[in-house]
Amino acid sequence: MAEGTGERGGGRDKGWRLARRLETVRRKLGTLERRPGAVVVTGECNRRYLTGFTGSSGAAVVSATRAVLVTDFRYLTQAKAECPGWEIVRQGPVLLDTVAEVVVGFGEERVGFERDHATFALYEDLSSRLKGFELIPVAGLVDSVREIKEEEEIDAIREAALLTDRALGEILPFIKPGVSEMDIALELEYRMRKLGADGVAFPAIVASGPRSALPHGRASKKRLAPGELVTVDTGAVVGGYCSDLTRTFALGPVMGEQEKVYRLVLEAQLAALEACRPGRAGKEIDQVARDVISARGHGDHFGHGLGHGVGLAVHEGPRLSPTSDQVIEAGHVVTVEPGVYIEGWGGVRIEDLVAVRADGVEILSTFPKELQVL
Ligand code: ZN
Ligand code: ZN
């Protein structure tokens, strides 16, 4: 992630940003039902977002006045460097034993835990250690704050998107008849790592011919053949932040029907990009793309939502889908990815990553969108 260097106002400094995140979460904590006085944060992305800690093990405990990160010996030095403003507590042999001790030390009787990031085992283990405390399931506390991105976060996502575009551009010569889907996926992941990605956001989807009708067709040993459509869906991680991009290519000769479906999906995608602006509900934006596709008789062939939020996680809120009432706001980063999938024939999906701005969207994906025949 690009850390700002501007000293003026200190507004772009990491410690300042972490303090602001903590303050927002504390404010929300005070408005929750049943008013938990403290909350235990166990979701990995939430822990990272809130504390700045990039290690793989630990838990954060927050109250109105205290903020503690519990982690083990391996990470103590790293945590002290990464988490300005946080008390770092070294965990004993069992993480939850130490977390419970910290909670007891806070002196709050009502303690929230992240219901969407807790296993039943974690709940049981926490309850058995905190007898006499009221454990309150909390939903979306940190997740909802994460949905509105800071400019520095958008910078990292943009960087991940550009790197992905570049990697896909560089491996285009590999997308040709005779090469297996798996080889293309490997080539792509290798290029992304070579270009400086921390890693891949998810295993690349490469689906060719009839397999392109599988919206999430993992790359297989199938070899590409002339006349097929090939869908490539991939993303990189840069500074902890993900990108997500899909393009569908054609291996010549292209049939009229393939071009027709491609143009339809592109038309739906462009209409949805135009519709994606603050104040609109996720389902309204989804409907714009769905209407374009349905009008041409392919409504049943677009069986997934239009898009999803992207950030520290590749799938997060908000959702653009037929059931999403959530209103889109400036600072959201979402995908716009309509598709048409016809069993036995193939499919087309076109996916861009966008940052929602006050007056529309900034499209972070720069890879060309006209049908490329390879
Ligand atoms: Zn994707
Ligand atoms: Zn996606």
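Residues numbered from 1 in each chain as written. Chains lettered and ligands numbered in written order. Predicted model: local features only at pLDDT ≥ 70, side-chain atom pairs only at ≥ 80, totals over all residues. Heavy atoms only, no water.

(A) Main features of the side chain of Glu153. As for its position among the elements, Glu153 is in helix α7 (residues 151-171). With relative accessibility at 1%, the residue Glu153 sits in the buried group. At 2.5 Å, the side chain of Glu153 forms a polar contact with the side chain of Tyr241. Excluding its chain neighbours within four sequence positions, the residues that come into contact with Glu153 are Arg21, Tyr49, Ile148 and Tyr241. (Helix = DSSP H or I, 4+ residues; strand = E, 2+ residues; numbered from the N terminus. Buried < 20%, exposed > 50% of the residue type's maximum accessible area, 1.4 Å probe, protein only. Polar contact = N/O pair within 3.5 Å; in protein donor to acceptor, adjacent residues only side chain to side chain. Contact = heavy atoms within 4.5 Å.)

(B) The arrangement of the coordination of the zinc ion (ligand 2) in detail. Coordination of the zinc ion (ligand 2) by the protein involves Asp244 (OD), His308 (NE2), Glu337 (OE) and Glu351 (OE), with metal-donor separations of 2.1 to 2.2 Å. What the four donor atoms of the zinc ion (ligand 2) show is an angle range of 77 to 151° at the metal, which sorts the shape as irregular. Between the donor residues of the zinc ion (ligand 2), the gaps in sequence give the motif D-x63-H-x28-E-x13-E. Separating the zinc ion (ligand 2) from the zinc ion (ligand 1) is a distance of 3.1 Å, and Asp244 supplies a donor atom to each of them. (Donors = N, O, S within 2.8 Å, 3.2 Å for Na, K, Ca; no water. Tetrahedral: all angles 85-135°; square planar, octahedral: opposite > 155°, others 65-115°.)

(C) Local environment of the packing of aromatic side chains. The tally for this structure, following the rule as stated, stands at four aromatic pairs. Summarising the aromatic geometry, the rings of Phe53 and Tyr75 are spaced 5.4 Å apart at their centres and angled 85° between planes, so their arrangement reads as edge-to-face. Within this pair, whereas Phe53 is found in the loop between α2 (44-51) and β2 (59-63), its partner Tyr75 is found in the loop between β3 (67-71) and α3 (76-82), the two being separated by 22 residues in sequence. Accessibility classification places Phe53 together with Tyr75 in one group, the buried group. On the numbers, 6.4 Å between centres and 40° between planes, the contact of Phe120 with Tyr123 is tilted. Residue Phe120 and its partner Tyr123 are located together in helix α5 (residues 120-129), separated by three residues, close to a single helical turn. Taking the ring centre of Phe302 as reference, the NZ or CZ of Arg290 above it sits at 3.9 Å. (Phe/Tyr/Trp six-rings, centres within 6.5 Å; stacked < 30°, edge-to-face > 60°. Lys NZ or Arg CZ within 6 Å of the ring centre and 35° of its normal.)

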